[in-house]
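# Fold and contact review
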Amino acid sequence: MATAAWAASTEFAVGDIRRATTDQASGLFFRCTTAGTSASSEPSWPTDLGSTITDNTCVWTAIASAYEELSKLNPSAIIELFEVHLDNTLHGSTDIYRFHAGANADVDGNVVFNGNTYTRIPVKADGFEFANTGTLPRPTLSISNLDGTMTTLLLLVNATTAGNDLGGAEVRRIRTLKKFLDGESTADPNAKFPDERWYVDRKANESRDSVTFELASKFDLAGQKLPKRQIVANVCQWVYRSSECSYTGDDYFDVNGNTVPSLSQDVCGKRVASCKLRFGNTAQLPFGSFPGAGLTK
């Protein structure tokens, strides 16, 4: 039986288990650990296992919807589902392709979870493990191409963006247990492991047999710098008299800090001294750089 959703202004006893009223990517449920009456509005549910939240006079503790089943001696099989979400700008469509490998629990056909049908197709997915090496994983997803379906899909998206090869498509990895699939007596669309969202970084290989994609996290920004602005000590990076600069005064100076008579001759020297001439020696300066950077070795 599916877990009931939280309800407002309702009495709950210790041990009652409820889920959020909206879909939670965390895959968490919440057990009442202090009896009481819920508030008139839903609390902001925690996303960490074991975290607590006070709900009027109730206290809820986050528990895993799927992990508890795995602690049993004979747990239900893990079912791995995949969704590929296309982007209309990149791929000319917002279609969603759903599939599963059918490798667990002797599933020999399509499966339905949360009302969505996942087609059984040979799939090999690996490299999702996180390590302590300081780098994010870059999983690979290989999909059967024996009937030419993947080649056809690639041709369609490349007609919108040449050479795209599904780059930028969102890949969702959804894991649940067989007992929670639609049609089972214990079906529950909310009982699952936390959803994983990846993006196709590149097509690694294409053959008659299969197509392999390399995936990346949205946080995997190779070659990017934080902050994107270069840290420079003595050169202001703002455009003079822009909203960042904020100077709108009638005092005009040239690049060397000499007084000039007109706006047409007014040029900022991009130094802290140039800022002080316009805003004052003791005023807060909107200097667009990092003067303190030169003090650090």
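Preceding this paragraph is the structure being described.
Residues numbered from 1 in each chain as written. Predicted model: local features only at pLDDT ≥ 70, side-chain atom pairs only at ≥ 80, totals over all residues. Heavy atoms only, no water.

Looking now at the overall build of the protein. Looking only at helices and strands, the protein has four helices and 15 strands in total. Compactness check: the protein gives a C-alpha radius of gyration of 28 Å against a globular reference of 19 Å for 297 residues, more than 25% above the reference. Oriented by its inertia axes, the alpha-carbon framework of the protein measures out at about 85 × 60 × 40 Å. When each of the 297 residues of the protein is scored for burial, the buried share is 35%. Taking contacts inside the protein between residues at least 6 apart in sequence as the whole, the part at least 24 apart equals 53%. Total accessible area on the protein stands at roughly 17,100 Å², and carbon and sulfur atoms take up 51% of it. (Helix = DSSP H or I, 4+ residues; strand = E, 2+ residues; numbered from the N terminus. Rg over C-alpha atoms; globule rule 2.2 N^0.38 Å. Buried < 20%, exposed > 50% of the residue type's maximum accessible area, 1.4 Å probe, protein only. Contact = heavy atoms within 4.5 Å. Areas by Shrake-Rupley, 256 points an atom, 1.4 Å probe, with all protein chains shown as cover.)

A few words now on the sheet that holds strand β6 (residues 58-64). Read from one edge to the other, the open sheet built from four strands follows the order β2-β3-β6-β5, with strand pairing classed as antiparallel. Of all strands in the sheet, those with a lone pairing partner are β2 (17-18) and β5 (52-55), marking the two edges. Sheet topology note: the β5/β6 ladder contains four bridges and is antiparallel. Across the sheet, the residue bridging to aspartate 55 is cysteine 58, located in β6. (Pairing = 2+ DSSP bridges.)

Here we take up the packing of aromatic side chains. According to the stated counting rule, one finds eight aromatic pairs in the structure shown. Centroid distance tryptophan 45 to tryptophan 60: 6.1 Å. Interplanar angle 75 degrees. Geometry classified as edge-to-face. Of this pair, tryptophan 45 sits in the loop between β4 (36-37) and β5 while tryptophan 60 is found in strand β6, placing the two residues 15 residues apart along the sequence. Comparing tryptophan 45 with tryptophan 60, the two get one shared label, buried. Taking the centre distance of 5.7 Å and the plane angle of 70 degrees together, the rings of phenylalanine 128 and tryptophan 198 count as edge-to-face. In this pair, phenylalanine 128 sits in the loop between β11 (123-126) and β12 (140-144) while tryptophan 198 sits in strand β14 (residues 196-206), placing the two residues 70 residues apart along the sequence. Taken together, the aromatic side chains of Phe12, Phe30, Trp45 and Trp60 make up a single cluster linked through ring pairs. The side chain of arginine 175 reaches across the aromatic face of phenylalanine 193, ending 5.0 Å from its centre. (Phe/Tyr/Trp six-rings, centres within 6.5 Å; stacked < 30°, edge-to-face > 60°. Lys NZ or Arg CZ within 6 Å of the ring centre and 35° of its normal.)

Interpretation in functional terms is not warranted from these geometric data alone.
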